[in-house]
Amino acid sequence: MSLLHFHTPHCNIFTLSPIFTSSYRQPYVTVPHSFLKTHQQYSLFSTNQSDNNRPSSLSTLPRKFLCKPPQGKYVREDYLVKKFSAQEVQELVRGERNVPLIIDFYATWCGPCILMAQELEMLAVEYESNAMIIKVDTDDDYEFARDMQVRGLPTLFFISPDPNKDAIRTEGLIPIQMMRDIIDNEM
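Everything numeric here is computed off the predicted structure, so don't read it as measured data.

The rules we used
Residues numbered from 1 in each chain as written. Predicted model: local features only at pLDDT ≥ 70, side-chain atom pairs only at ≥ 80, totals over all residues. Heavy atoms only, no water. Helix = DSSP H or I, 4+ residues; strand = E, 2+ residues; numbered from the N terminus. Polar contact = N/O pair within 3.5 Å; in protein donor to acceptor, adjacent residues only side chain to side chain. Contact = heavy atoms within 4.5 Å. Salt bridge = Lys/Arg side-chain N within 4 Å of Asp/Glu carboxyl O. Buried < 20%, exposed > 50% of the residue type's maximum accessible area, 1.4 Å probe, protein only. Phe/Tyr/Trp six-rings, centres within 6.5 Å; stacked < 30°, edge-to-face > 60°. Arc of directions from axis to C-beta. Pairing = 2+ DSSP bridges. Axes fitted to C-alpha atoms, helices over the stretch in contact; angles between N-to-C directions.

Asks: Break down the side chain of T155 for me, citing the residues and quoting the values.
Replies: Locating T155 in the fold gives a position in strand 7 (residues 155–159). Side-chain polar atoms of T155 contact the backbone oxygen of G152, separated by 2.4 Å. T155 has contacts with I103, D104, F105, V150, R169, T170 and E171, leaving out every residue within four places of it along the chain.

Asks: Give me the pattern of salt bridges: which residues, what numbers.
Replies: Using the criterion set out here, one finds six salt bridges in the structure. In this structure, R146 and D147 form a salt bridge, with 3.8 Å as the shortest nitrogen-oxygen distance. Its relative accessible area of 43% is what places R146 among the partly exposed residues. Take D147: its relative accessible area is 54%, and that puts it in the exposed class. Among the charged side chains, a salt-bridge network with shared partners connects K83, D137 and D140.

Asks: Could you give an account of the packing of aromatic side chains, with specific residues and numbers?
Replies: Summed over the entire model, instances satisfying the criterion amount to two aromatic pairs. Pairing F105 with F144 gives two aromatic rings, centres 5.7 Å apart and planes at 40°, and the pair type is tilted. With F105 in strand 5 (residues 101–106) and F144 in helix 4 (residues 142–147), the pair connects residues that are 39 residues apart, well separated along the chain. Neither residue differs from the other here; F105 and F144 are each classed as buried. Plain terms: the ring middles of F105 and F157 are 5.6 Å apart, the flat faces sit at 75° to each other, and that makes the pair edge-to-face. Pair noted here: F105 is in strand 5 and F157 is in strand 7, with a separation of 52 residues, a long-range link. Taken as a pair, F105 and F157 share a single burial class, namely buried.

Asks: Tell me about helix 2 (residues 86–94), and please be specific about residues and values.
Replies: Restricting attention to buried positions, one finds in helix 2 the residues A86, V89 and L92. Within helix 2, the buried residues cover an arc of 125° as seen down the axis, which keeps them to one side. Seen from the buried face of helix 2, the exposed residues on the opposite side, beyond 90 degrees, are Q87, E91 and R94. Lining the buried residues of helix 2 we find strand 5, strand 6 (132–137) and helix 4.

Asks: Describe the sheet that holds strand 8 (residues 168–171), listing the residues and the values that go with them.
Replies: The sheet built from five strands is open, its strands ordered 4-6-5-7-8 with mixed pairing. In the strand order of this sheet, the two ends are held by strand 4 (82–83) and strand 8, each with one partner. Pairing of strand 7 with strand 8, which is carried by four bridges, proceeds in the antiparallel orientation. Counterpart to T155 in the pairing with strand 8 is E171. Against the sheet, helix 3 (residues 111–126) makes contact with strand 5, strand 6 and strand 7, and its axis sits at roughly 160° relative to strand 6, the strand it touches most.

Asks: Give a description of helix 5 (residues 176–186) that names residues and reports values.
Replies: The set of residues buried in helix 5 consists of I176, M179, I182 and I183. Along the long axis of helix 5, the arc covered by the buried residues comes to 120°, so they all point the same way.

Asks: Which residues make up the environment of I168, and what values do they have?
Replies: Its place among the elements puts I168 in strand 8. Judged by relative accessible area, I168 falls into the partly exposed class, the value being 23%. Separated by 19 residues in the primary sequence, I168 and M187 have C-alpha atoms spaced 9.1 Å apart.

Spatial relationships are all this shows, so hold off on functional conclusions.
Encoded structure:
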């Protein structure tokens, strides 16, 4: 194996060191300077901003949006399922209620949580005044999620208004009919 050299008229010599060397050396490989220039011209990592010949996909022109992009929290003001902080949830659980409380522990980056959020919105429409459904972002309230022993997402807690009944916990994406059955039969 020999050393590999590239020699260009206006550039430095680029050398790759071999693992094994031999006494036989290959001659220099001459690469024209124009070859290097054309390949550097359209580089994704090029710092030269004066190139007018850049492809249109790498354009730095400002983009025009047809509508306002979503905020990425999957919780809007008009949603029925509201986001609560850890302290607000603890006050709700300790306080008196006459409807079941469903707590959804979610994360904005979790795909199944997004699917579950759609089902919970439909459930909130169905059980408008017969159940209270809230969300807790596990990234924002990490300590609270840890204290509640949330290990997988999404995790739901079904808490009855009767303090003598145990809470029901589910982990992972569950069908909407199972949620209905828990609210109707177990709460």
